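# An overview of the molecular structure
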Amino acid sequence: MPGTAASEGGGVWGGRPPEANTAGSDAAGGRVWDGVETLPREELEALILDRLRSTVARVLAAQPFGAARLAQAGIGSPEDIRSLDDLAAIPFTGKAELRAHYPFGLLAVPRERLARVHASSGTHGKPTLVGYTAADLENWTELMARCMTMAGVRPGMVIHNANGYGLFTGGLGFHQGGERIGATVVPVSGGFTARQAMLLRDLGAHVLVSTPSYALAIAQALAEDGDGSAASLPVRLGLFGGEPWTEAMRGQIERALPLRAVSFYGLSEMCGPGVAAECPARTGLHVQEDHFIAEVIDAGGHAVPPGTEGELVFTTLTKEALPLLRYRTGDIGCLADTPCPCGRSTVRLTGLRGRLDDMLIVRGVNIYPSSVEHVLLGAGGVAPHYRLIVERPGALDELILECEPDRAGADSGALRERLEQLLREHTGLRITVRVAEPGTIPRSEGKAVRVVDRRAGA
Ligand SMILES: [Zn+2]
């Protein structure tokens, strides 16, 4: 329940000392922040239906655009939602609607009731602005405390938060959750990578929070600062999100740092991070279903069954300021409803592999940057820093992969040939590989720039 006292969560505050709480000792099970996480499905679904009706009522009463859309679909009152199957009758919303009503046109509360705004990084034009009432912030804080507890964060741990603070939700989201749990939060924010390494060592952080690509940049700075091996650091847990990443990348991070890497998912349009996260079993990311309904749809807009890949769609269930019904995220993934060893009853996100608009179409073949990353990092002998460059030198697109060997003095010619062959076998595309000098590919300071599109008009 939102705002539930932490003491109802089953021994949440019974803090063992941080050294006894390493992620390694926290095998399947761990602690549960909120009893709602393990509700029987029937009870959970009754709660979801009740909250869906409340959300529909709020939209009908206070969000004219949403109310008009519902009316067109024949939904004039919350009683028109008889069961969760009726969700399918509700029209989709998307980024375009948020842009069209920028900045405050979709609010369901007077602007004066906003306690804060955040925004997603707009790659072109206006950002996507999201408002929060005080209750929205409270719910988000609880969700982050819940997900971070599930991942293994405990009272008294030191959390090094290298996510950017500001309009981006990654900084303040983890900050609030860490404080709510009773951890010591170090709000380092992004950038100044050498200083990140120094603070991580000096303050003895147990938890690193960052994007996956930035974790690798910090690991490299630790390896190069001459203050000893990163393997001896007390950091045991990494909470990573904000950009798509592969299992191969997870392996790279866990080899470079002595931590267990846990995946977080979210988007500012819902609240930020805290929409879904992994439990210690790492069998997918548990969706916080008492706050968000997750669906996966096919290209025709029809919901597909668990295990089928498609676009993720979320409906907010508790948001006051910006309720969104069936919001199309553009993210690709699957749902899993099989039982999880941790005992949580919520569905899980699996197979997250980036955004629909990250997909490249090169010579008529669809390819995700994550597919290239999977092949590259599985190949061995390669550093986990890369860029994909798309050019159109003549009539045809050319895809170029820039990467680095993992050590100086490597045979770059042999590496290039091996990678080109592997990429052709796994993607069906001829991809030109350029092996750069170690340390020359730009390092991430937050969200990694993986694709440089140099085609005319791009
Ligand atoms: Zn689980």
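Figured I'd write up the structure that's included with this text. Everything numeric here is computed off the predicted structure, so don't read it as measured data. (Residues numbered from 1 in each chain as written. Predicted model: local features only at pLDDT ≥ 70, side-chain atom pairs only at ≥ 80, totals over all residues. Heavy atoms only, no water.)

## A few points about the coordination of the zinc ion
To keep things clear, this is the line we draw: Each metal site is built from N, O and S donor atoms within 2.8 Å (3.2 Å for Na, K and Ca), and since water is not included, such sites may look incomplete. Key to geometry: four donors with every angle between 85 and 135 degrees are tetrahedral; four donors are square planar and six octahedral where opposite donors lie over 155 degrees apart and all remaining angles lie between 65 and 115; all other sites are irregular. By the criteria applied, helices consist of DSSP H or I runs no shorter than four residues and strands consist of E runs no shorter than two, each listed in order from the N terminus. Partly exposed describes any residue whose relative accessible area lies between the buried limit of under 20% and the exposed limit of over 50%, with all areas from a 1.4 Å probe on protein chains only and scaled to the type maximum.
Distances from the zinc ion to its protein donors, namely Cys279 (SG), His286 (NE2), Cys340 (SG) and Cys342 (SG), fall within the range 2.1 to 2.3 Å. Classification of the site at the zinc ion rests on its four donor atoms, whose angles at the metal span 101 to 113°, yielding the label tetrahedral. Mapped onto the polypeptide sequence, the residues donating to the zinc ion form the spacing pattern C-x6-H-x53-C-x1-C. Of the two residues, cysteine 279 is situated in the loop between strand S8 (272-278) and strand S9 (285-287) and cysteine 340 in the loop between strand S12 (327-336) and strand S13 (348-350); the sequence distance between them amounts to 61 residues. We classify cysteine 279 as buried; its relative accessible area is 1%.

## Some remarks on the state of the cysteines
Note on terminology: disulfide describes a covalent bond linking the sulfur atoms of two cysteines. What counts, and what does not: Note on disulfides: each one is a pair of cysteine sulfur atoms within 2.5 Å.
Counted under the stated rule, the structure contains zero disulfides. Cysteine 271 supplies the cysteine sulfur nearest to cysteine 147, a cysteine that is in no disulfide, at a spacing of 8.4 Å.

## Some points on the packing of helix H7 (residues 212-224) against helix H8 (residues 247-256)
The geometry of a pair of packed helices is captured by two quantities: the angle between their axes and the separation between those axes. Operational definition: Axis definition: a line fitted to C-alpha atoms, limited for helices to the stretch in contact. Angles are taken between N-to-C directions and run from 0 to 180 degrees. Should an angle fall under 35 degrees it is called roughly parallel, over 145 degrees roughly antiparallel, and 65 to 115 degrees roughly perpendicular, with every other angle called oblique. Crossings are sorted by hand: turned counterclockwise from the far helix by less than a right angle, the near helix makes the crossing left-handed, and turned clockwise it makes it right-handed. Contact criterion: two residues are considered in contact whenever any of their non-hydrogen atoms come within 4.5 Å of each other. Gly counts as polar in this scheme, as do all residues outside two lists: the nonpolar Ala, Val, Leu, Ile, Met, Phe, Trp, Tyr, Cys and Pro, and the charged Asp, Glu, Lys and Arg.
Running from N to C, H7 and H8 point in directions that differ by 30°, and their axes come no closer than 10 Å. Taken together, the axis directions place H7 and H8 in an arrangement best described as roughly parallel. In this structure, H7 meets H8 at a crossing whose hand is left-handed. The segment H7 lies against H8, with Pro212, Ser213, Ala215, Leu216 and Ala219 engaging Met249, Gln252, Ile253 and Ala256. Of the residues contributing to the contact of H7 with H8, the split by class is seven nonpolar, two polar and no charged.

## Structural notes on the nonpolar core
Using the following cut-off: Throughout, nonpolar core names a set of buried Ala, Val, Leu, Ile, Met, Phe, Trp, Tyr and Cys residues whose side chains join them through atoms within 4.5 Å.
Core analysis: the biggest nonpolar cluster contains 50 residues, and Met148, Val153, Leu239, Phe264, Tyr265, Phe314 and Leu349 have the highest contact counts within it. Broken down by element, this core gets its largest block of residues, nine residues, from helix H4 (residues 134-151). Here leucine 239 is in contact with Met148, Ala151, Val153, Phe174, Val207, Leu208, Val209, Ser210, Val262 and Phe264, once residues within four sequence places are set aside. Counting residues in hydrophobic clusters, the runner-up holds 48 residues, among them Tyr214, Ala217, Met249 and Ile431.

## Things to note about the sheet that holds S8
Where we set the bar: Two strands are said to pair when DSSP picks up at least two bridges between them.
The sheet built from eleven strands is open, its strands ordered S4-S3-S5-S6-S7-S8-S9-S13-S12-S11-S10 with mixed pairing. The open sheet has two edge strands, strand S4 (184-186) and strand S10 (292-297), and neither has a second partner. The sheet shows a mean angle of 40° between the axes of neighbouring strands, taken without regard to direction. Where S9 lies against S13, two bridges are found, and the strand directions are antiparallel. By the bridge assignment for S13, histidine 286 is matched with arginine 348. Relative to the sheet, H8 contacts strand S6 (237-240), strand S7 (260-267) and S8, its axis offset from that of S7 by approximately 130°.

By themselves, these are just geometric observations and shouldn't be taken as functional.
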